[in-house]
Structure formats: C-alpha cells, structure tokens
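Examination of the molecular architecture
Listed here are the chains, written in short residue letters.
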Amino acid sequence: MKISKAQHHEMSATSGDNIGAAEKQAEPASDAAKTLVMRGNRLDSRDLFSTEREIIIVHGEEHYRLRLTSQNKLILTK
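Residues numbered from 1 in each chain as written. Predicted model: local features only at pLDDT ≥ 70, side-chain atom pairs only at ≥ 80, totals over all residues. Heavy atoms only, no water.

What to know about the pattern of salt bridges
The test is simple: The working definition used for a salt bridge is a side-chain nitrogen of Lys or Arg within 4 Å of a carboxyl oxygen of Asp or Glu. Exposed residues in this analysis have more than 50% of their type's maximum accessible area, buried residues have under 20%, and partly exposed residues fall in between, with area computed by a 1.4 Å probe over protein chains only. To qualify as a helix, a DSSP run of H or I must reach at least 4 residues; to qualify as a strand, a run of E must reach at least 2; elements of each kind are numbered from the N terminus.
Here the structure, examined in full by the defined rule, presents three salt bridges. For Arg-46, the salt bridge goes to Asp-44, with nearest N and O atoms at 2.5 Å. The exposure class assigned to Arg-46 is exposed, which follows from its relative accessible area of 63%. Salt-bridge contacts for Glu-54 lead to Arg-65; the nearest nitrogen and oxygen are separated by 3.0 Å. In this pair, Glu-54 is assigned in strand β4 (residues 54-59) and Arg-65 in strand β5 (residues 62-68), connecting sequence segments eleven residues apart.

Overview of the pairing of β4
This is how the line gets drawn: Two strands are counted as paired when DSSP detects at least two bridges linking them.
Two strands pair when backbone bridges link them, and β4 and β5 are joined in this way by six bridges, in the antiparallel orientation. Residue Ile-57 lies in a different strand from β5, and its bridge partner there is Tyr-64. The loop that links β4 with its antiparallel partner β5 comprises two residues; one of these, Gly-60, has a positive phi angle of about 65 degrees.

Comments concerning the sheet that holds strand β6 (residues 74-77)
How we decide: Interaxial angle, 0 to 180 degrees, is taken between N-to-C directions of lines fitted to C-alpha atoms, where a helix line uses only the stretch in contact.
Ordered by their spatial adjacency, three strands build an open sheet running β4-β5-β6, and the pairing between neighbours is antiparallel. Two strands in the sheet have a free side with no partner beyond their single neighbour: β4 and β6. Each neighbouring strand pair of the sheet contributes to a mean axis angle of 20 degrees, computed without reference to strand direction. As paired elements, β5 and β6 share four bridges and run antiparallel to each other. Across the sheet, Leu-68 pairs through a bridge with Leu-74, a residue of β6.

Dropping the structure here:
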C-alpha cells in the first residue's frame, strides 16, 4: 500500500499480515502494492478497505489490526 499526500509526500507499505512470510512461495493478491491519497490529514476508509476487510498497522514493534465489520464499524485491536 502506498500512501501519498496531495503535495507529493509519499509513504509506502504493503497490505496484509506478513508474519511468517518466509514460508510463502508466491505473493498473494492481498500483498500487492496499492496507492492511497491523503488530503491534509484525511484518508478515506473506503480506500483502505477497497480489497480487504482487515489491515495490519505496524507501530514501532507492535502490530495492530484495523477491521471493517459487517455493520460498517471500525475495530482496532492489538
């Protein structure tokens, strides 16, 4: 996943959980690169969840899961 601000500031990341990735032989579609556009400090959640219902956020040494529920709510868990 690539996140870019409207002023051409860019960060890149991949979607999906890569824990144990060394054992994978082929890269699944969920690990494909994706571009997201930020306007100021806003990011549309529809862009985050366009292909997956759950994303992994790495913050320092910690992994968090951000999940979109069937009731269209967001749940962040550690």
